[in-house]
Amino acid sequence: MKALIRNATIICSTSTYHNTRQDLFLENGIIQQIGDSLNVEADLEISQNNLHVSIGWMDIFAHFCEPGLEHRETLESGARAAAAGGFTHVMIVPDTRPVIDTKSQLHFIIEKSKQLPVSILPIGACTKNTDGKELSEMYDLHQCGAVAFSNGYKGLQDPGITLKTLQYLKAIHGTLIQVPVNQAIQPQALMNEGIVSTQLGLPGKPAIAEELMVHRDIELAAYTDSRLHITGISTARSLELIRQAKEKGISVTCSVTPYHLLFSDDDLKNYDTNLKVDPPLRTKEDVAALQQGLKDGIIDCVASHHLPQQPDDKECEFEYAKNGMISLQNVFGVMSAFLPLEELISMLTIAPRKIFHINSPEITIGAAASLTMFVPEETYIFDQSMIRSLSSNSPFIEKEMKGKIIGTFHHNMLTMATHE
């Protein structure tokens, strides 16, 4: 396929074309020409007012549910949602049935993903069946293509197993991804513990449950001199602990979800089950601290925590609803409110690849085309018809978004993200 992208502002700090307006001619998945007013024949021409192009965006923590939970999401539908959100690379969690804890499961994901418009990068389970009791064959998973290791949304609860995992990963230069959730403290909690939980009469999870996990894992990372990434942080104190750890030279990085930057426990007063997540939405003060941490560079990147759920598990009483929301299509629309464009694009492109030692695409002649096209200032209302996931558990429906995704080009496939 021959494609011509007309008059696009290139946002890519590693490219000599950074912050210039150019035409890009793509043929057979390769950037063949970059220049002004190119005179070439193309099968498809893409032109849009204020069009911008960057290297393809990357998400580091999403659930595509396959195998075993295909009624919620499949690799194909997850890839569609990711591309519609501007992503060309997505790291997926091992929380499937069966769990991604063997070479055969990892191989299944990798092979099935080759024909998709998004590179799906599997995170290997660090314990068998993610039960947190016995280490998986991490070396084999690493050799087979696991880009990182995690116990998924449950997080590693046992400090002894966490220590062994970090020690093992140091030997293979791997990274442990931890969700800071302490399941032993208030296991029946439905939201953040605070004034709002008292007003609503719902059992709450105190902030210290998260902060103890963050502190523990940082200390273990320091002891083992291994690499730790904490994702889904939600409290001001967690952020401060990570800041202090970085100042000490500990190999810890962190990411925040778009919804922890936007919503607080105040937004649960109408019992919206789409806002039931774990870690839970915290106070307005915590939200403000996370927003500031993003601007200050303490937070390294954003993670969607895209977690599809079927309607029966969301259209029910708050007590019985499952945690999670779909979010891949709304990351850019949320994040654009908090960061200047160049910083945001760097956080979506360079930063996550640097953390997990993944080669970045390039915008240069002769490079394989892995591109995201977008209009940063355009606003639109996100409605139900735009959802590309199999599930629709989204609190962003009918919300105004800033930053329109035009499409992606990856694996020699053009995927348009229409918002009409």
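Look up a bit, the structure's there.
Analysis parameters
Residues numbered from 1 in each chain as written. Predicted model: local features only at pLDDT ≥ 70, side-chain atom pairs only at ≥ 80, totals over all residues. Heavy atoms only, no water. Salt bridge = Lys/Arg side-chain N within 4 Å of Asp/Glu carboxyl O. Buried < 20%, exposed > 50% of the residue type's maximum accessible area, 1.4 Å probe, protein only. Pairing = 2+ DSSP bridges. Helix = DSSP H or I, 4+ residues; strand = E, 2+ residues; numbered from the N terminus. Phe/Tyr/Trp six-rings, centres within 6.5 Å; stacked < 30°, edge-to-face > 60°. Lys NZ or Arg CZ within 6 Å of the ring centre and 35° of its normal. Core = buried A, V, L, I, M, F, W, Y, C linked by side-chain atoms within 4.5 Å. Contact = heavy atoms within 4.5 Å. Axes fitted to C-alpha atoms, helices over the stretch in contact; angles between N-to-C directions. Polar contact = N/O pair within 3.5 Å; in protein donor to acceptor, adjacent residues only side chain to side chain.

J.: So what's going on with the pattern of salt bridges? Residues and values would help.
T.: Here the idea is simple: oppositely charged side chains can pair when their charged atoms come close. By the definition in use, this model includes 17 salt bridges. One salt bridge connects Lys114 with Glu111, and the closest N-O pair in it is separated by 2.8 Å. On the basis of relative accessible area, Lys114 is assigned to the partly exposed category, the value being 46%. Sharing partners across several salt bridges, the network here consists of Arg6, Asp23 and Glu45.

J.: Run through the sheet that holds strand β14 (residues 227–231), naming residues and quoting values.
T.: If you walk across this open sheet you meet the six strands as β9-β10-β11-β14-β15-β16, and the pairing is parallel. With partners counted over all chains shown, the strands left at the sheet margins are β9 (124–125) and β16 (301–302), one partner each. As judged from the four bridges shared by strand β11 (residues 175–178) and β14, these two strands associate in the parallel manner. Its bridge partner being in β14, Gln178 is matched across the sheet by Ile230.

J.: Run through the packing of aromatic side chains, naming residues and quoting values.
T.: On inspection of all chains with the given rule, the structure shows seven aromatic pairs. Summarising the aromatic geometry, the rings of Trp57 and Phe87 are spaced 6.1 Å apart at their centres and angled 80° between planes, so their arrangement reads as edge-to-face. Note that Trp57 is positioned in strand β6 (residues 57–62) and Phe87 in strand β7 (residues 87–92), a separation of 30 residues in sequence. Considered together, Trp57 and Phe87 belong to a single accessibility category, that of buried residues. Each ring, one from Tyr271 and one from Phe318, has its centre 6.3 Å from the other, and the planes form 75°; the classification is edge-to-face. On the criterion of sequence distance, the pair formed by Tyr271 in the loop between α8 (258–262) and α9 (284–296) and Phe318 in the loop between β16 and α10 (331–335) is long-range, its members being 47 residues apart. On the basis of relative accessible area, Tyr271 is assigned to the partly exposed category, the value being 38%. Classification of Phe318 by relative accessible area gives buried; the value is 6%. Ring pairing ties together the aromatic residues Trp57, Phe87, Phe332 and Phe374, which thus form one cluster. Across from the ring centre of Phe318, 5.5 Å away, lies the NZ or CZ of Lys276, which sits over that ring.

J.: So, the nonpolar core: which residues are in play, and what are the values?
T.: If you look at the biggest cluster of nonpolar residues, it comprises 103 residues, and the most contacted ones within it are Phe61, Phe64, Met91, Ile218, Leu294 and Met335. Broken down by element, this core gets its largest block of residues, six residues, from helix α11 (residues 341–355). Setting aside residues up to four positions removed in sequence, Met91 forms contacts with Met58, Asp59, Ile60, Phe61, Ala62, Leu121, Ile123, Val147, Ala148, Ile177 and Phe356. Counting 20 residues, the second largest nonpolar core, distinct from the first, contains Ala8, Cys12, Val53 and Met373.

J.: Break down the sheet that holds β7 for me, citing the residues and quoting the values.
T.: Across the sheet, which stays open at both edges, the three strands sit in the order β6-β7-β8 with parallel pairing between neighbours. Sheet topology places β6 and β8 (119–122) at the edges, where each strand pairs with a single neighbour. Neighbour to neighbour, the strand axes of the sheet diverge by 20° on average, direction disregarded. Across four bridges, the pairing between β6 and β7 is parallel. When the bridges of β7 are listed, Trp57 appears paired with Phe87. Relative to β8, helix α2 (residues 103–113) is tilted by about 175°, and along the sheet it contacts β7 and β8. Packed onto the sheet, α11 meets β6 and β7 and runs at close to 70° relative to β6.

J.: Break down the side chain of Gln178 for me, citing the residues and quoting the values.
T.: Within the element layout of this structure, Gln178 appears in strand β11. Separated by 3.0 Å, the side chains of Gln178 and Asp217 make a polar contact. Apart from residues lying up to four places away in sequence, Gln178 is in contact with Gly155, Leu156, Thr162, Met213, Arg216, Asp217, Leu228, His229, Ile230 and Thr231.

J.: So, unusual backbone geometry: which residues are in play, and what are the values?
T.: Note: most residues except glycine have negative phi, and most peptide bonds are trans. Each neighbour pair has its own omega, and for Glu66 with Pro67 the value is 10°, a cis peptide bond. Topologically, Pro67 is positioned in the loop between β6 and α1 (75–84). The step from Arg97 to Pro98 runs through a cis peptide bond, and the omega angle for that step is 0°. Positionally, Pro98 belongs in the loop between β7 and α2.

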